[in-house]
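# Descriptive structure summary
Here's the letter readout for the chains.
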Amino acid sequence: MSRTFLVTGGAGFIGVNFVKMLLENGDSNVVVLDALTYAGNLESLRSEIQDGRITFVHGDIADRALVDATLAQYRPDYIVNFAAESHVDRSVTDPRPFVETNVLGTQTLLDSARAYVASGGRLEKFVQISTDEVYGDLSIDFESPVVNAVLSEKLGRQVALYGREVFHHDSPLRPSSPYSASKASADMMALAYHRTFGLPVVITRCSNNYGPYQFPEKLIPLMLNNILEGRPLPVYGRGLNVRDWIHVDDHCRGVLLAAEKGRPGAVYTFGGYSERRNIDLVHELIAASGHPEAADTITYVGDRPGHDLRYAIDASLAMDELGWRPRHDFGSGLRATVRWYMANRPWVERIVSGSYRDYYTKMYSNR
Ligand code: NAD
Ligand code: DAU
């Protein structure tokens, strides 16, 4: 029997990849609700919309009447909330939209879901997509990665980390930026709706995603675009901050498993077990793109205020309860991602020029 997913924020980077995965699996009706902020790009779902394989609703998760009407019309079995302001640097410049969407928007969606259930809606799961950034940051203890025996045994491959500590699903919340503070607030609200109202909420917290369709404000697509255009490569501070990179497909599989098998009230963390210092990642991107001359354009720029040093994840709960494991190897995943961006230059160029926003008007203005 087919099931219906309401995917909010489904026109953004991870949402688009999640929607494509659902359609490939073949047993789901998909409704995307997205406000199409600067980060939402319907072109990424062009063929799915043209073929009528998804239903698109243009709107804000903070608009209660619209969310109520969407739930009443499409009667989803699952709500997966990717909708968010997601860029840390933007939250430093202007925190307000982060509170409006990430906190108030999520709370509106939770309220609407509650009313939907109260009126007989059969909601299997409300999956709140969160981030490892809610835990704050970790220290860097080693100059180069050192094998972590516990994680290596768990994953059946060698896992080497820059520090002794890792985040667990129940680590304390210590967000550093307005972005991560807004995500932590949303998480606490979602868990409160589970405890107080019995809403079947599950939270996922993942490390840095990479893969196709990522908006070129984030490190990997931004650096790649600059490499290909011969522009300077702006590395914050000394480039020594460490991120744990996970392929977006591995994250999306985790989200789907959390929807299908997650325990209501649980928090699942996901990580890629591929730690890199930013500067080393930039050199890997230069090598993978075949533009060695770009190394000369690396430019150290002023650091991000409050810049988190390192993130690392222990995904044991997701492995034990959901049977999840990351499948992608970082080296080959990164090279495939570089090939995707090189083969899809118009996709990036239309974002940089702003013309991607015409697509919605063209597709929907006469409807
Ligand atoms: P993104 O910025 O690429 O996409 C966000 C999407 O949400 C866009 O399509 C945007 O139009 C939409 N949106 C924004 N405000 C909205 C609103 N008020 N109502 C409806 N839609 C709205 O983000 P992403 O990188 O795909 O991240 C998706 C989610 O995953 C976010 O919640 C983010 O916090 C979380 N996350 C991201 C990463 C990562 O590495 N990118 C890692 C862990 C968690
Ligand atoms: O950990 C999960 C988080 O990963 C998600 O919750 C966020 O939505 C997502 O944006 C990402 O946050 P980061 O801040 O880690 O990602 P970003 O791509 O912005 O930066 C990655 C690292 O690269 C970070 O240490 C800052 C650095 N950086 C970033 C940019 C854009 C640079 O050195 N230069 C840059 O131009």
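Just so it is clear, the model here is predicted, and its values are computed rather than measured. (Residues numbered from 1 in each chain as written. Chains lettered and ligands numbered in written order. Predicted model: local features only at pLDDT ≥ 70, side-chain atom pairs only at ≥ 80, totals over all residues. Heavy atoms only, no water.)

## Remarks on the pattern of salt bridges
For the structure on display, the rule yields 23 salt bridges. The partner of Arg53 in a salt bridge is Asp51, and the shortest N-O contact between them spans 3.3 Å. A residue is classified by how much of its surface remains accessible, and Arg53, at 41% relative accessible area, is partly exposed. The residue Asp111 makes a salt bridge to Arg114 at a minimum N-O spacing of 4.0 Å. Placement of the pair is Asp111 and Arg114 together in helix α5 (residues 96-118), with a separation of three residues, close to one helical turn. Several salt bridges converge on common partners, so that one network encompasses Glu229, Arg231, Arg345 and Glu349. (Salt bridge = Lys/Arg side-chain N within 4 Å of Asp/Glu carboxyl O. Buried < 20%, exposed > 50% of the residue type's maximum accessible area, 1.4 Å probe, protein only. Helix = DSSP H or I, 4+ residues; strand = E, 2+ residues; numbered from the N terminus.)

## A few points about the site of ligand 2
Around ligand 2, a shell composed of 24 residues is seen, among which Thr131, Asp132, Tyr179, Arg304 and His307 lie nearest. Take Pro234: an N or O atom from its main chain is 2.8 Å from a nitrogen atom of ligand 2. Contact between ligand 2 and Arg304: an oxygen atom at 2.6 Å from a side-chain N or O atom of the residue. Here ligand 2 loses 94% of its free accessible area of 690 Å² to cover by the protein chains. At a threshold of 2 Å from the grid points, most atoms of ligand 2 map onto the largest pocket. Counting only elements with at least two residues in the shell around ligand 2, the list comes to α8 (219-229) and β10 (233-236). (Near = heavy atom within 4 Å. Polar contact = N/O pair within 3.5 Å; in protein donor to acceptor, adjacent residues only side chain to side chain. Areas by Shrake-Rupley, 256 points an atom, 1.4 Å probe, with all protein chains shown as cover. 1 Å grid on protein atoms, 1.4 Å probe; cavity = no way out; pocket = protein on both sides within 12 Å on 5 of 7 lines; lining within 4 Å. Sits in = over half its atoms within 2 Å of the grid points.)

## Comments concerning the pairing of strand β11 (residues 242-247)
In terms of burial, β11 is a largely internal element, six of the six residues being buried. Side chains Val242, Asp244 and Ile246 of β11 all project onto a buried face; the interleaved residues Arg243, Trp245 and His247 project onto the opposite face, where all are buried too. Relative to β11, strand β9 (residues 208-210) runs parallel, the two being bridged by three bridges. Counterpart to Asn208 in the pairing with β11 is Trp245. When β11 meets strand β13 (residues 275-277), the two strands line up antiparallel, connected through three bridges. Its bridge partner being in β13, Val242 is matched across the sheet by Arg277. (Pairing = 2+ DSSP bridges.)

## Observations regarding the side chain of Ser182
Structurally, the position occupied by Ser182 is in helix α7 (residues 178-197). Accessibility expressed as a relative area gives 3% for Ser182, which makes it buried. A distance of 2.7 Å separates a polar atom in the side chain of Ser182 from the backbone oxygen of Tyr179. Apart from the residues within four sequence positions on either side, Ser182 is in contact with Phe98, Asn102 and Val103. (Contact = heavy atoms within 4.5 Å.)

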